[in-house]
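# Close look at the chain arrangement
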Amino acid sequence: MNVQLRLKRRPTGRVSADDFDRVEAPRGGAGAGEVLVRVLYLSIDPTNRVWMADVPQYMPPVGIGDVMRGAGLGEVVESNVPGFSAGDLVFGLVGWQQFAVMKPGGPFPLTKVPRNTSLPPHTFLGVCGPSGVTAYYGMLDICKPQAGETAVVTGAAGSVGSIAGQLAKFQGARAVGIAGGPEKCRVLVEEFGYDAAVDYKAQDWRQQLKAAVPKGVDVLFENVGGPIMHAVFGRMNVGGRIALCGLINAYNGEGTTQGDFGALLGRRLHVHGFNIIDYEKRWAAATADLVRWVLEGKLRRRDTIVEGLERAPDALNMLFDGANVGKLVVRVAENA
Ligand SMILES: NC(=O)c1ccc[n+]([C@@H]2O[C@H](COP(=O)([O-])OP(=O)(O)OC[C@H]3O[C@@H](n4cnc5c(N)ncnc54)[C@H](OP(=O)(O)O)[C@@H]3O)[C@@H](O)[C@H]2O)c1
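It should be emphasised that the depicted structure is a prediction, and the values quoted were computed from it without experimental measurement.

### Quick look at the site of the ligand
Neighbouring the ligand are 26 residues, the closest being Ser159, Lys184, Tyr200, Ile276 and Asn324. A distance of 2.8 Å separates an oxygen atom of the ligand from a polar backbone atom of Ser159. Between Tyr200 and the ligand, the recorded distance is 2.4 Å, taken from a side-chain N or O atom to an oxygen atom. Starting from 900 Å² of accessible surface for the ligand in isolation, the protein chains cover 89%. Going through the elements one at a time, α3 (159–170) and α9 (312–321) are the ones with two or more residues in the shell around the ligand. Across the shell around the ligand, the residue classes tally to 14 nonpolar, 11 polar and 1 charged.

Listed below in structure tokens is the structure:
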């Protein structure tokens, strides 16, 4: 049998287990042009929450009654697709279930993941997967920090943010991370190598930001939006670059997606919204660099692992509570 979490209704605010039906369905098999995958890990991403909402977005919202859409990592059990064999580790949109019947193509396409590295498989959901590739192209291709410049990253202790700051440092920039709480700020500086950290949950966070960027901000890697983004806009230097990666403060329907166009105009800022699905053809090139840097010990990572498919809704809320450091995954089954 195949245990699945199907979307029962559209959540309001935080998700709850009651927003899903837990269904035991027949496992099925691989038909022509399909592979059957045993799911090992789910990638828990802020975009999961967006996919549940009936709002305009980059993919259709998940239908009521459908298996919840989610990226993940699994092991091929049966394959009728050339290039994929039983035993391969694969990444793709496996969904919140134990077994997935998948076809190649589409956004987040079925992709083989190397088995022959010393890295744990779930690394290919985080630093060597979508999060790392997002940080890589957002920081290196869009922000292009230069030596001596100041780069600010919001959501800095999360999966994308923890990597983005390190990549800014690789370019010789001063990296300033914004995250919630003193412990996360300690991790930013001591583990991820940020030059300074701003605790946005502290009363004096605006003063902390001012002190952390004495020469203003040249580059902003934006993951959050809302008042934090506005405050950084107010510190940007003329001609600064912004990679608009995410606006998590608004994904639960509470915060705002609005920006300060006065600051954008006055400081002649370059804002580049981007989505990693547009970088599919360059995915492998980024992954090769990211894997090498991790294996060399140059790029540091942290992962937060939650056990059990049924805990996926709780895990998603952890992103909004800031209860993760680095990549958040749900382990569905033991590694093959
Ligand atoms: N454009 C793309 O292709 C792309 C791809 C992947 C991800 N993203 C975006 O990148 C961002 C980060 O994603 P991720 O997967 O790396 O998640 P993550 O950063 O690992 O987790 C989300 C973090 O956001 C912070 N947060 C949550 N609500 C907040 C709020 N209201 N105000 C300030 N901080 C808040 C929390 O940290 P604190 O404890 O610091 O609050 C939490 O740990 C998201 O906006 C996501 O949508 C975009």
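On we go from here.
### Regarding the pattern of salt bridges
For the coordinates displayed, the defined rule picks out 20 salt bridges. For Arg292, the salt bridge is made with Asp289, and the minimal N-O distance between the two is 3.0 Å. Note that Arg292 and Asp289 are positioned in helix α8 (residues 283–295) at a spacing of 3 residues, about one turn of the helix. By relative accessible area, Arg292 is classed as partly exposed at 40%. Taken together, the shared-partner salt bridges in this structure form one network comprising Arg22, Glu24 and Glu310.

Rules of the game
Residues numbered from 1 in each chain as written. Predicted model: local features only at pLDDT ≥ 70, side-chain atom pairs only at ≥ 80, totals over all residues. Heavy atoms only, no water. Near = heavy atom within 4 Å. Polar contact = N/O pair within 3.5 Å; in protein donor to acceptor, adjacent residues only side chain to side chain. Areas by Shrake-Rupley, 256 points an atom, 1.4 Å probe, with all protein chains shown as cover. Helix = DSSP H or I, 4+ residues; strand = E, 2+ residues; numbered from the N terminus. Nonpolar A, V, L, I, M, F, W, Y, C, P; charged D, E, K, R; others polar. Salt bridge = Lys/Arg side-chain N within 4 Å of Asp/Glu carboxyl O. Buried < 20%, exposed > 50% of the residue type's maximum accessible area, 1.4 Å probe, protein only.

Note that every value here comes from positions in space, so none of it alone points to a role or purpose.
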